[in-house]
Amino acid sequence: MTIDPRQARTSAALRAALVRLLADRPLAAVSVAELCREAGVHRTTFYKHAAGVDEFAVTMLTEEIDAIAAIGVDIATEADAARVYHAVTRRLLEWLAGRRDLYRALLESSARGALHAALSDSLRRRAHIALEKLAEAGVRDAPRSPRDRDEAAAFIAGGLVGVMDVWIREDDTDAAAAEARIFRLMPEWWPGVH
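Computed from a predicted structure; not experimentally measured.

**Student:** Pulling in residues and values, what's your account of the side chain of Thr10?
**Tutor:** By secondary structure assignment, the location of Thr10 is in helix H1 (residues 5-22). Taking the relative accessible area as the measure of exposure, Thr10 reaches 17% and is therefore buried.

Below, the structure written as structure tokens:
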């Protein structure tokens, strides 16, 4: 699927404008008109992207997290899986530290529930892919049946969203320490857990 370059530029301008605006005010105080002025985008163009600022912010954050959590390499062994999943977790936490204002703004807004649902869905899809790769790589005790994978993916995604929630509310920016804590909470069969 090709993305229209104009739409990509508009989306990038809106995203950057939202981040700037949230640096000094809560999400609820940002209107569509103000966001459009800041981005240099017409209101009718904005409404092609979202129904409101909350929806736009949730979509923006979840799309960025989904892209960061993507696994772009083959996983042939448990060692590969451990290396890749540690790196992805660290990258995600480092990115969240840089987007702390946006994440906190969403958590303190009426979009909190929508944010949690969108993040859970995104991370559950990613966890499902990971579980399939782990089974293909022969990781011992990794869930094999579709139901077991569904439940494990939901459990892992829900746990990650919860930990992200707690970590992002603090001022801690030590992604390495947070990554280590997350891996201590993961199931024993998850690669890299010792």
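**Student:** Give me the lowdown on helix H5 (residues 78-98), citing residues and values where you can.
**Tutor:** Between its terminal C-alpha atoms H5 stretches 30 Å, which fits the 30 Å expected from 21 residues at 1.5 Å a residue. Among all positions of H5, only Ala81, Ala82, Val84, Tyr85, Val88, Thr89, Leu92, Leu93, Trp95 and Leu96 are buried. Its buried side turned inward, H5 meets helix H4 (53-68), helix H6 (100-107), helix H7 (112-136), helix H8 (146-169) and helix H9 (175-185).

**Student:** Tell me about the packing of aromatic side chains, and please be specific about residues and values.
**Tutor:** Counted by the stated rule, this structure contains four aromatic pairs. Considering the side-chain rings of Phe46 and Tyr47, the 5.4 Å spacing of their centres and the 80° angle between planes classify their relative orientation as edge-to-face. Take Phe46: its relative accessible area is 0%, and that puts it in the buried class. For the ring pair Tyr85 and Trp190, a centre distance of 5.3 Å and an interplane angle of 50° mean the geometry is tilted. With Tyr85 in helix H5 and Trp190 in the segment after H9, this residue pair connects regions lying 105 residues apart in the sequence. With a relative accessible area of 7%, Tyr85 lands in the buried category. Looking at Arg100, its charged tip hangs above the ring of Trp167, at a distance of 5.0 Å from the centre.

**Student:** With reference to specific residues and values, describe the side chain of Asp165.
**Tutor:** Assignment of secondary structure puts Asp165 in helix H8. Setting aside residues no more than four positions away along its own chain, Asp165 makes contact with Tyr103, Leu107, Arg112 and His116.

**Student:** Explain H7 to me, and be specific about the residues and the numbers.
**Tutor:** Residues that lie three or four places apart on an α-helix share one face, since the helix turns once every 3.6 residues. Taking 1.5 Å of rise per residue, the 25 residues of H7 would be expected to cover 36 Å, and the 36 Å separating its terminal C-alpha atoms lies within 8% of that figure. Looking only at H7, the buried set comprises Leu115, Leu119, Ser120, Ser122, Leu123, Ala127, Ala130, Leu131, Lys133, Leu134 and Ala135. Elements in contact with the buried residues of H7: H4, H5, H6 and H8. One or two steps after H7, the chain reaches Gly138, where phi turns positive at roughly 80°.

Quick notes on the rules
Residues numbered from 1 in each chain as written. Predicted model: local features only at pLDDT ≥ 70, side-chain atom pairs only at ≥ 80, totals over all residues. Heavy atoms only, no water. Helix = DSSP H or I, 4+ residues; strand = E, 2+ residues; numbered from the N terminus. Buried < 20%, exposed > 50% of the residue type's maximum accessible area, 1.4 Å probe, protein only. Expected span 1.5 Å × (residues − 1). Contact = heavy atoms within 4.5 Å. Phe/Tyr/Trp six-rings, centres within 6.5 Å; stacked < 30°, edge-to-face > 60°. Lys NZ or Arg CZ within 6 Å of the ring centre and 35° of its normal.

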